[in-house]
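Each chain is listed here by its residues.
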Amino acid sequence: MLILNYEAAIYSRGGISDRASRLPHYNRSVYSAELLDHFQNPRNPGEVESPDSCARSQNPVCGDILELTLKLEGRRVSDIRFRAKGCVPAMACGSAITELIKGKNVEDARQVRREELLRRVGGLPQASTHAGHLAMDTLAMLLRGL
Ligand SMILES: [Zn+2]
């Protein structure tokens, strides 16, 4: 129930209207402690006010949606926030990517690799690698043109 409540909170805070009808189905034991921590205590949730860039992407296979918004101070990412809908790893990766990027210069942010994200969430099970790709794809869109 904790998980369902959390997802409901993310939905309402994020304001994504097309709420998934499927229930989350997962086995907690397959996820690392770091991943579950990001899921249960998300870093930088929500939306940046008057963002300098925003990006949204969806995994066509399982329907996960990730939205990132970013605020710059000069070339430095002063704020970055995420909204996510979908599986537990997708939400955790959204949280972790904001933590990795916040405070970096745009040029350094472009250098962040998927391996760093995976380390940050303590690895992803084989069935969840799509969540890492979703986060990295959305990040690339977010930084494009900055
Ligand atoms: Zn997923």
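Cut-offs used in this document
Residues numbered from 1 in each chain as written. Predicted model: local features only at pLDDT ≥ 70, side-chain atom pairs only at ≥ 80, totals over all residues. Helix = DSSP H or I, 4+ residues; strand = E, 2+ residues; numbered from the N terminus. Buried ≥ 20, exposed ≤ 12 C-beta atoms within 10 Å, placed from the backbone. Contact = placed C-beta atoms within 7 Å. Pairing = 2+ DSSP bridges. Core = buried A, V, L, I, M, F, W, Y, C linked by C-beta atoms within 7 Å. pLDDT = per-residue confidence, 0-100. Axes fitted to C-alpha atoms, helices over the stretch in contact; angles between N-to-C directions.

Chemist: Explain the overall build of the protein chain here, please?
Modeler: The helix and strand inventory of the protein chain stands at six helices and three strands. For the protein chain, the N- to C-terminal ordering of α and β elements is α-α-β-β-β-α-α-α-α. Put simply, the protein chain has 146 residues, and 35% of those count as buried. Within the protein chain, residue pairs in contact and separated by at least 24 positions form 63% of the contacts whose partners lie at least 6 positions apart.

Chemist: Would you take a moment to explain the pairing of strand 1 (residues 53-58) for this structure?
Modeler: The pairing of strand 1 with strand 2 (residues 65-73) spans six bridges and is classified as antiparallel. The partner of Gln 58 across the bridge, within strand 2, is Ile 65. What sits between the antiparallel neighbours strand 1 and strand 2 is a turn of six residues, in which Gly 63 has the positive phi angle 85°.

Chemist: What is the right way to look at the nonpolar core in this model?
Modeler: Burial of nonpolar side chains together is a common tendency in soluble globular proteins. Ranked by internal contacts, the top residues of the largest apolar core, which has 32 residues, are Cys 93 and Ile 97. Where this core is concerned, the elements lending two or more residues are helix 2 (33-40), strand 2, strand 3 (76-85), helix 3 (88-101), helix 5 (114-120) and helix 6 (129-143).

Chemist: Just checking my understanding: could you explain the confidence of the model for the protein chain for this structure?
Modeler: Low-pLDDT stretches of the model should not have their predicted coordinates read in fine detail. The pLDDT averaged across the protein chain works out to 85; a share of 81% of its residues lies at or above 70. For residues 1-23, every residue scores under 50 in pLDDT, and the model assigns this stretch 20 contacts once sequence neighbours within four places are set aside.

Chemist: Just checking my understanding: could you explain the sheet that holds strand 3 for this structure?
Modeler: The pairing of strands in a sheet happens through backbone hydrogen bonds and is either parallel or antiparallel. Spatially, 1-2-3 is the arrangement adopted by the three strands of the open sheet, whose pairing is antiparallel. Two strands close off the open sheet at either side, each with one partner strand: strand 1 and strand 3. Direction aside, neighbouring strands of the sheet carry axes that sit 15° apart on average. Alignment of strand 2 against strand 3, held across nine bridges, turns out to be antiparallel. Opposite Leu 70, over in strand 3, you have Ile 80 as the bridge partner. Docked against the sheet, helix 3 engages strand 2 and strand 3, running at close to 175° with respect to strand 3. Where helix 6 meets the sheet, it contacts strand 1 and strand 2, and its direction lies at approximately 145° from that of strand 1.

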